[in-house]
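Architecture at a glance
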Amino acid sequence: MGEISFLGYFKLAISTLKYLPQLYWNYKRKATAGWSIFNIIMDLTGGLFSFGQMGLEAIFGLDVKINVVKLVLGIMVVFYDILFIIQHYCLYRNNKPQTTES
């Protein structure tokens, strides 16, 4: 069981790091052109369904233990996806990526 728990925390660390570069480059370019917001919306849907599953399990008493990795991963996914949606639909809505010409 120790190895499985370690792998869960490893996935949590990797997932934390995977969102940061895209968030940074969207900010730096002041644009979100070139990537699909659909993937972000699907990711957000998965995070919300994860919360829903844990809620239903708690309501019906199917699993009393809280899966900490799943809970933190769901919170993190929803947080980052909301930031991406804000970038895409609010902050950089009509912006084209800035190119540097030499």
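Note that residues are indexed from 1 along each chain, following the sequence as it is written. A pLDDT threshold of at least 70 governs which residues receive local features in this predicted model, and a stricter bar of 80 or more applies before side-chain atom pairs are shown or counted, although totals over entire chains, interfaces and linings include all residues. In computing side-chain properties, one takes all heavy atoms of the structure into account and sets aside hydrogens as well as water.

Remarks on the side chain of Thr 32
Here a strand is any run of E in DSSP of at least two residues, a helix any run of H or I of at least four, and the numbering for each starts at the N terminus. As for its placement among the helices and strands, Thr 32 is situated in the loop between α1 (2-29) and α2 (37-59). Judged by relative accessible area, which is 4%, Thr 32 ranks as buried. Under this definition, polar contacts are N or O atom pairs within 3.5 Å; protein pairs additionally need one hydrogen-donor-capable and one acceptor-capable atom, and for neighbouring residues in sequence, both atoms have to be side-chain atoms. A distance of 2.6 Å separates a polar atom in the side chain of Thr 32 from a polar atom in the side chain of His 88. Any two residues whose heavy atoms approach within 4.5 Å are treated as being in contact. Discounting residues that sit within four places of it in the chain, Thr 32 has contacts with Asn 26, Gln 87, His 88 and Tyr 92. Exposure classes here rest on a 1.4 Å probe applied to the protein chains alone. A residue is buried below 20% of its type maximum, exposed above 50%, and partly exposed in between.

Notes on the packing of aromatic side chains
Centre distance and the angle of the planes are the two values used to describe a pair of aromatic rings. Whether two aromatic rings pair depends on their centres lying within 6.5 Å, for rings of Phe, Tyr and Trp, where Trp uses its six-membered ring; planes under 30 degrees apart make the pair stacked, over 60 edge-to-face, and the rest tilted. Evaluated as defined, the whole model comprises six aromatic pairs. When the ring of Phe 6 is compared with that of Phe 10, the centres are 6.3 Å apart and the planes differ by 20 degrees; the resulting orientation is stacked. Here Phe 6 pairs with Phe 10, and both are found in helix α1, just four residues apart, close to one helical turn. By relative accessible area, Phe 6 is classed as exposed at 54%.

Structural notes on the confidence of the model for the protein
With 89% of its residues at a pLDDT of 70 or more, the protein has an overall mean of 87. Each residue gets a pLDDT score, which is the predictor's confidence in that residue and runs from 0 to 100. Mean pLDDT across the secondary structure elements of the protein bottoms out at α1, with 88, and peaks at helix α3 (residues 68-91), with 93.

Some words on α3
The end-to-end C-alpha distance of α3, which contains 24 residues, comes to 33 Å, matching closely the 34 Å that a straight helix rising 1.5 Å per residue would cover. Of the residues flanking the start of α3, the one acting as N-cap is Asn 67, its side-chain oxygen 3.3 Å from the backbone nitrogen of Val 69. How far a helix is expected to stretch is found by multiplying one less than its residue total by 1.5 Å.

Quick word on α2
The end-to-end C-alpha distance of α2, which contains 23 residues, comes to 33 Å, matching closely the 33 Å that a straight helix rising 1.5 Å per residue would cover. Among all positions in α2, only Ile 37, Ile 40, Leu 44, Gly 47, Ser 50 and Met 54 are buried. Its side-chain oxygen 3.2 Å from the backbone nitrogen of Phe 38, Ser 36 forms the N-cap of α2. Within two residues after α2, Gly 61 carries a phi angle of roughly 70 degrees, on the positive side.

Details of unusual backbone geometry
The backbone of Lys 30 sits at a positive phi, close to 55 degrees, despite the residue not being glycine. Structurally, Lys 30 can be placed in the loop between α1 and α2. For Lys 30, a relative accessible area of 28% corresponds to the partly exposed category.

With respect to the nonpolar core
What makes a nonpolar core is a set of buried Ala, Val, Leu, Ile, Met, Phe, Trp, Tyr and Cys residues whose side-chain atoms join them at distances within 4.5 Å. Leu 12, Tyr 19, Leu 23, Trp 35, Ile 37, Ile 40, Leu 73, Met 76, Val 77, Tyr 80 and Phe 84 form the largest nonpolar core, which has eleven residues in total. Secondary-structure elements contributing two or more residues to this core are α1, α2 and α3.

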